Amino acid sequence: AGVDPERADLAEAALLRGQAEAGLAARLAAHGLAPGLSESDYRERLAFELGVIERMKYPGYFLIVADFIQWAKKEGIPVGPGRGSGAGSVVAWALTITDLDPLRFSLLFERFLNPDRVSMPDFDIDFCQDRRDEVIAYVQEKYGADRVAQIITFGTLQARAVLRDVGRVLQMPYGLVDRLAKMVPQNPANPVTLQKAIADESRFQTEREADPLVDRLLIIAQKLEGLYRHASTHAAGIVIGDRPLDELVPLYRDPRSGMKVTQFNMKWVEQAGLVKFDFLGLKTLTVLDLAVKLVRRRGIEIDLTRIPLDDARSYEMMARAETVGVFQVESAGMRRALVDMKPDRFEDIIALVALFRPGPMANIPTYCLRKHGKEEPEYIHPRLEPILKETYGVIVYQEQVMQIAQELAGYSLGEADLLRRAMGKKIRSEMEAQRQRFIAGAVRQGLTAGHAETIFDLLAKFADYGFNKSHAAAYALVAYQTAYMKANFPVEFLAASLTLERGNTDKIAEFRREAIRLGIPVEAPSVNRSGVDFDVVFDEGAGRILYSLAAIKGVGAQAVEHLVEVREAGGPFRDLADFGRRINPRFLNKRGLESLVTAGALDELEPDRARVFNGIDRILAMASHIQESAAVGQGDMFGGAEQRQPLLLPAVEPWLAAERLKREHDAVGFYLSAHPLDDYAAVLKKMRVQSYAEFSESVRNGATAGRLAGTITAKQERRIRTGNKMAAVQLSDPTGSWEAVLFSEGLNEYRDLLEPGKSVVVLVSAEERPEGVSMRIQSVESLDTMVAGLKQIRIFLRDEAPLPSLEKHLGNRGEGEVSLILLLEEGRREVEMRLPGRYKVTPQIASALRAVRGVVQVEMV
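Because the structure is a prediction, the values reported are computed rather than measured.

## Details of the sheet that holds strand β16 (residues 813-824)
Step number 1: If you trace the four strands from one edge of the open sheet to the other, you get β17-β16-β15-β18, paired in mixed fashion. Across the chains shown, the open sheet's two edge strands, defined by having one partner strand only, are β17 (829-834) and β18 (855-860). Sheet twist, expressed as the average angle between the axes of neighbouring strands with direction ignored, equals 20°.

## So, the confidence of the model for the chain
Interpretation of this model should avoid reading the predicted coordinates in detail wherever pLDDT is low.
Step number 1: For the chain, per-residue confidence averages 88 on the pLDDT scale, and residues scoring 70 or more make up 97% of the total.
Step number 2: Averaged pLDDT values over the elements of the chain bottom out at 56 in helix α30 (residues 641-644) and peak at 97 in helix α23 (residues 490-500).

## Observations concerning unusual backbone geometry
Both trends apply: most residues other than glycine have a negative phi, and most peptide bonds are in trans.
Step number 1: Even without glycine at this site, Lys 57 takes up a positive phi of about 60°.
Step number 2: By the element assignment, Lys 57 lies in the loop between α2 (39-55) and α3 (59-74).
Step number 3: Of the residues examined, Lys 57 reaches a relative accessible area of 60% and is grouped as exposed.
Step number 4: With phi around 60°, Ala 321 is a residue other than glycine that occupies positive phi space.

## With respect to the packing of helix α1 (residues 5-31) against α2
When two helices pack together, you describe them by how their axes are tilted relative to each other and by the distance separating the axes.
Step number 1: Contact geometry of α1 with α2 gives a least axis separation of 11 Å together with a crossing angle of 155°. By the angle between their axes, α1 is roughly antiparallel relative to α2. The element α1 and its partner α2 pack so that their crossing is right-handed. Where α1 abuts α2, its residues Ala 13, Leu 16, Arg 17, Ala 20, Glu 21, Leu 24, Ala 25 and Leu 28 lie against Glu 39, Tyr 42, Arg 43, Leu 46, Leu 50, Ile 53 and Glu 54.
Step number 2: Residues of the contact of α1 with α2, tallied by class, amount to ten nonpolar, no polar and five charged.

## Overview of the layout of surface pockets
Step number 1: What the second largest pocket holds in volume is close to 1,200 Å³.
Step number 2: What lines the second largest pocket is a set of 34 residues, and nearest its centre among them are Asp 9, Glu 12, Gly 60, Ile 64 and Asp 242.
Step number 3: Broken down by secondary-structure element, the contributors of at least two residues to the lining of the second largest pocket are α1, α3, α5 (132-143) and β6 (275-282).
Step number 4: When residues of the lining of the second largest pocket are assigned to their parent elements, the largest contribution, seven residues, is made by α1.
Step number 5: The class makeup of the residues in the lining of the second largest pocket is 20 nonpolar, four polar and ten charged.

## Describing the pairing of β16
Step number 1: As paired strands, strand β15 (residues 792-797) and β16 are joined by six bridges and run parallel to one another. Looking at β16, one finds that Ile 795 is bridged to Leu 820.
Step number 2: As paired strands, β16 and β17 are joined by six bridges and run antiparallel to one another. Bridge pairing links Leu 824 to Arg 829 in β17.
Step number 3: The loop that links β16 with its antiparallel partner β17 comprises four residues; one of these, Glu 825, has a positive phi angle of about 50°.

Conventions and cut-offs
- Residues numbered from 1 in each chain as written.
- Predicted model: local features only at pLDDT ≥ 70, side-chain atom pairs only at ≥ 80, totals over all residues.
- Heavy atoms only, no water.
- Pairing = 2+ DSSP bridges.
- Helix = DSSP H or I, 4+ residues; strand = E, 2+ residues; numbered from the N terminus.
- Axes fitted to C-alpha atoms, helices over the stretch in contact; angles between N-to-C directions.
- pLDDT = per-residue confidence, 0-100.
- Buried < 20%, exposed > 50% of the residue type's maximum accessible area, 1.4 Å probe, protein only.
- Parallel < 35°, antiparallel > 145°, perpendicular 65-115°, else oblique.
- Left-handed = near helix turned anticlockwise from the far one by under 90°.
- Contact = heavy atoms within 4.5 Å.
- Nonpolar A, V, L, I, M, F, W, Y, C, P; charged D, E, K, R; others polar.
- 1 Å grid on protein atoms, 1.4 Å probe; cavity = no way out; pocket = protein on both sides within 12 Å on 5 of 7 lines; lining within 4 Å.
- Points joined across faces, edges and corners; volume = space filled by probe spheres on them.

What follows is the structure, encoded as structure tokens:
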């Protein structure tokens, strides 16, 4: 307050200049010069950028961004390498706002801040998603809570939401409204209007005719769709003012947050004179940070800003498309592109990030053919080879369009940025003026007018497709860092990835399959070894992953923290009684304990999950009694007798394998300790039904069809362009999980068999694709129906002790035969006895018989 503005501007400029020059010297000392460049090249570029920043009066903006980023890094908060066009600034690199050397990768400052066009600078900063709020809190403390605010956004009533809201007001049954809402296709990228959903889905008309209230709901909902529903806050936007914000904009207090919020949205706060700063949370940074910390426990220090960008192991892994968990390149299409490209340099990853979008994707085959020497690069003019050599003559980046205009038509880079923007906007008058300017400049540079016009038209086409190289390079760096960690430290990387997806069972199952594929054991959850996060253990160099207790459904992080605290204080739990005496039921309730039991986390204390499950009330009663006694000081009244009291569990029948696995699946989200098809292994082999692993291998060797058994884990129906429905069915067997599609005719015929939890045998046609085996279902049959023809069970025993239990399991009459084989003389002699009568024979019964104490083996014939 009271400081002369001009003097303040000069002070800010001097401060920025001093910090930038010192920062550049530190960067060059740490990272060296880019090939073919000298220190004077960097200093000239720095001086040019500082001049532009000072003329545009933005030193303060750079200083503020540099301050909170440098603070975050000092506090150990992971910060991204910089996204958007800001990565093209040497000043930003010198201030550690970005971590990419812009001269090394030919990034342009004018793409970020154009001296020929007044525009606000805009750094989008990625922070670790778990600690982003700490940075915002620092900014509030530094500049004043009354000068920092979030930006408001307004949520609108979309198709599903408007149905639910109107249905609630009309007091319609929740189940009916929920069923109607789920008839609307869910596509966040391209939301379907309610009118289109009603037109495409015949069931809406059926419901309308059956219930007049549904008709009223649909009429009202269509009138309200698209209206504002509620106020929320922008995911990343923060504004910082030079005075209390209530002097500049109206404010709003979000009841869910203690931070002020502007009543103007993002478009209007800038017009009110406020500068927006984007504080984004990026989960990948958190994964990388956790993986680095796990590696550090082995005494290995990793600085992700200093890892070599030519790590052969990382590129070999990407070339094989083994990119589960690798940022930006996980999708099937990306994996296919990686197989074709076989990247072996960082520039390939930058190009792939830029090219993998609907328009320019068509250039990926050309890029790959030219990279591997199967096609010669073509340059639209010989003078453009230095600009386009990196991308084999393919125009990939907006920066290349700008450099071409500079080289062929004498544009400054600032003018070239205006050309790029004009081409992107396709404004006729602006395009025509630029065309004349480009042709005149090109003719002065020695081109013919016709050739110049052809090149202009080509640039106009590519300007539509061209991608911001600064953004592509920054995200390519994060992609490379994740690939490096996975290729070199897969155990820690996958454990970190699992931890960050703790609440997403689909992703947990995917990462677990990837770990198993890589030969990394994933141990089942255990109250004596597991913790809140997925953890790693190394024995003689071999690593394994410990399953997280907090990843089990119904078990909160607070409950797990309590278990870990108790375990660390008193050592591992010795038995169930010890467990019951030491836990506090205030932290671990009945539902959480049920989930732990069904997930197998207490198996080492008592392997019979049915007994433990039915004894949960007794465990909690013991825990409550101990806690109450301790609270009133009665714990030692009887000399610690309570501490020695055993826990008596109820006597119940063990769960059958199918029941045990179903409950495990409900708690974990997938099959963990075994698989429902394990009991069918011998039968399926006799019937020549292949496993997924066997079938995949046969497809790679030329097979195009086969029969597979699988348990349905999910099914998603959707409408295709013809109006018919198709289904994507997720199946699982002991060797892996896969997806197969089924079209309308087959879907109508087999829909009832394709419910989650059912086991089936499917006839599929298949083809090999770069991203994996693609399968289409031809027919479906219930697995139990297929094995109904099996007629005999052979039970191997050493003595008569199991007979009473066997009698209970074989009580149901049926069509099958049962033989008892008595093993005598330590197995050297066998005596077979066929039981009189006929019995029900199924793999489930065989599994139950195997669990009987004293049974050696059970075979189905």
